[in-house]
Amino acid sequence: MSFQLPSNIPSSTVLPTFYSPSTTADMSGLSTVLGMIQADTATWDNVNQIAYALATIKWETSHTFNPIHEMGSISYFDQYDVGTPRGKGLGNTNPGDGFLFRGRGYVQITGRENYTHIGSLVGVDLVSNPDLALQPPIAYQIAANGMKNGWFAGRRLSQYIPTGAAPDYVNARRIINGLDHAADIAAIAQTFQGLLGG
């Protein structure tokens with residue numbers, strides 16, 4: 001079963017409330033994301049899943065709703081390079097992989113192994129061109145399908161936000177990144193749930 005947003009979303013009257021309290025933010029990113037959600041007839045089972053996805057995207061993109069690079073200097077990413085424990089866990093095998101395969105997109109995929117695996121799932125060579133993960137349609141495929149199908153941490157959106165039951169927005173963070181900022185994202189999801197009529 002799939003769920004779609006009401007046909008009046010996105011609307012110019014609703015968009016500013018997603019940015020609250022900011023009134024000067026560029027809303028084109030959100031318009032793009034909502035348009036892709038509206039056109040997506042297969043991913044979402046209920047409005048609460050959409051609310052959580054939007055909250056995650058808002059958080060992971062520094063509240064811009066535009067695909068971004070993970071922030072930090074080149075030297076910051078040395079901790080993820082070949083020969084480091086974190087680099088090994090991410091499948092980084094060549095010098096410079098920590099920076100080359102830094103987080104990108106709506107949900108910040110990281111590491112050579114993830115770029116290889118997720119690229120194959122979406123049918124795009126993300127290893128040869130990691131910046132393809134910054135293109136909104138590809139970033140959306142990664143975020144939406146990754147949350148639905150458990151691509152990031154082996155946990156699926158439906159485990160925490162099933163149809164017909166109360167959503168567990170706090171533990172839904174485990175789909176992406178443990179419980180890192182789980183309460184912050186849950187609060188945003190709760191707001192978006194109300195805005196979307198959930």
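The following refers to the structure shown. Values in this document were obtained by computation on a predicted structure and should not be read as measured data.

### Side note on the overall build of the protein
Helix and strand content of the protein: 9 helices and 2 strands. The order of α-helices and β-strands along the protein, N terminus first, is α-α-α-β-α-α-β-α-α-α-α. For the protein, buried positions account for 46% of its 198 residues. If you sum the accessible surface of the protein, you get close to 9,000 Å²; carbon and sulfur atoms cover 54% of it.

### Brief notes about the packing of helix α2 (residues 28-39) against helix α7 (residues 136-149)
The interhelical angle for the contact between α2 and α7, taken along N-to-C directions, is 60°, at an axis separation of 11 Å. By the criterion of interaxial angle, the relationship of α2 to α7 is oblique. When you trace α2 past α7, the crossing you get is right-handed. Counted together, Thr 32, Met 36 and Ile 37 of α2 and Pro 136, Pro 137 and Tyr 140 of α7 form the full contact between these two elements. Taken together, the residues of the contact of α2 with α7 break down into 5 nonpolar, 1 polar and no charged.

### Quick look at the packing of helix α3 (residues 47-60) against helix α9 (residues 182-195)
For any two helices packed against each other, the geometry is given by the interaxial angle and the distance between the axes. α9 packs onto α3 with a crossing angle of 130° between their chain directions and a minimal axis gap of 8 Å. Classed by the angle they form, the pair α3 and α9 counts as oblique. Note on packing geometry: the crossing formed by α3 with α9 is right-handed. Within the contact between the two elements, α3 uses Asn 48, Ala 51, Tyr 52, Leu 54, Ala 55, Thr 56, Lys 58 and Trp 59 and α9 uses Asp 184, Ile 185, Ile 188, Ala 189, Phe 192 and Gln 193. By residue class, the composition of the contact of α3 with α9 is 9 nonpolar, 3 polar and 2 charged.

### Some thoughts on the packing of aromatic side chains
Per the counting criterion, the structure on display carries 7 aromatic pairs. Ring centres of Tyr 76 and Phe 77 lie 5.0 Å apart, and the angle between their planes is 85°; on these two criteria the pair is classed as edge-to-face. Among the residues examined, Phe 77 registers a relative accessible area of 1% and is labelled buried. Its guanidinium or amino end placed over the ring of Phe 99, Arg 102 lies 3.9 Å from that ring's centre, counting from NZ or CZ.

### Let's talk about the side chain of Arg 112
Here Arg 112 is to be found in helix α6 (residues 112-122). Engagement of the side chain of Arg 112 in a polar contact is seen with the side chain of Thr 93, the distance being 3.4 Å.

### So, α7
An α-helical segment advances 3.6 residues per turn. Residues three or four places apart therefore align on the same side. Taking 1.5 Å as the rise per residue, α7 with 14 residues should run 20 Å; its terminal C-alpha atoms sit 19 Å apart, in good agreement. Taken together, the buried positions of α7 are Ile 138, Ala 139, Tyr 140, Ile 142, Ala 143, Ala 144, Gly 146 and Met 147. In this structure, the buried residues of α7 make contact with α2, α3, β2 (104-105), α6 and α8 (157-160). Positive phi appears at Gly 150, one or two residues downstream of α7, with a value of about 75°.

### With respect to the pattern of salt bridges
On inspection of all chains with the given rule, the structure shows 5 salt bridges. Of the charged contacts, one joins Asp 45 and Lys 148 as a salt bridge, the two residues approaching to 4.0 Å between their closest N and O atoms. You can see Asp 45 sitting in the loop between α2 and α3 and its partner Lys 148 sitting in helix α7, a full 103 residues away along the chain. The partly exposed category is assigned to Asp 45, whose relative accessible area is 21%. Between Asp 131 and Arg 104 there is a salt bridge, and its shortest N-O distance comes to 2.7 Å. Of the two residues, Asp 131 sits in the loop between α6 and α7 while Arg 104 sits in strand β2, which places them 27 residues apart along the sequence. Under the relative-accessibility criterion, Asp 131 is labelled partly exposed at 36%. Here Arg 104 falls in the buried class, since its relative accessible area comes to 4%. Members of the salt-bridge network, linked through shared partners, are Glu 60, Arg 173 and Asp 180.

Calculation criteria
- Residues numbered from 1 in each chain as written.
- Predicted model: local features only at pLDDT ≥ 70, side-chain atom pairs only at ≥ 80, totals over all residues.
- Heavy atoms only, no water.
- Helix = DSSP H or I, 4+ residues; strand = E, 2+ residues; numbered from the N terminus.
- Buried < 20%, exposed > 50% of the residue type's maximum accessible area, 1.4 Å probe, protein only.
- Areas by Shrake-Rupley, 256 points an atom, 1.4 Å probe, with all protein chains shown as cover.
- Axes fitted to C-alpha atoms, helices over the stretch in contact; angles between N-to-C directions.
- Parallel < 35°, antiparallel > 145°, perpendicular 65-115°, else oblique.
- Left-handed = near helix turned anticlockwise from the far one by under 90°.
- Contact = heavy atoms within 4.5 Å.
- Nonpolar A, V, L, I, M, F, W, Y, C, P; charged D, E, K, R; others polar.
- Phe/Tyr/Trp six-rings, centres within 6.5 Å; stacked < 30°, edge-to-face > 60°.
- Lys NZ or Arg CZ within 6 Å of the ring centre and 35° of its normal.
- Polar contact = N/O pair within 3.5 Å; in protein donor to acceptor, adjacent residues only side chain to side chain.
- Expected span 1.5 Å × (residues − 1).
- Salt bridge = Lys/Arg side-chain N within 4 Å of Asp/Glu carboxyl O.

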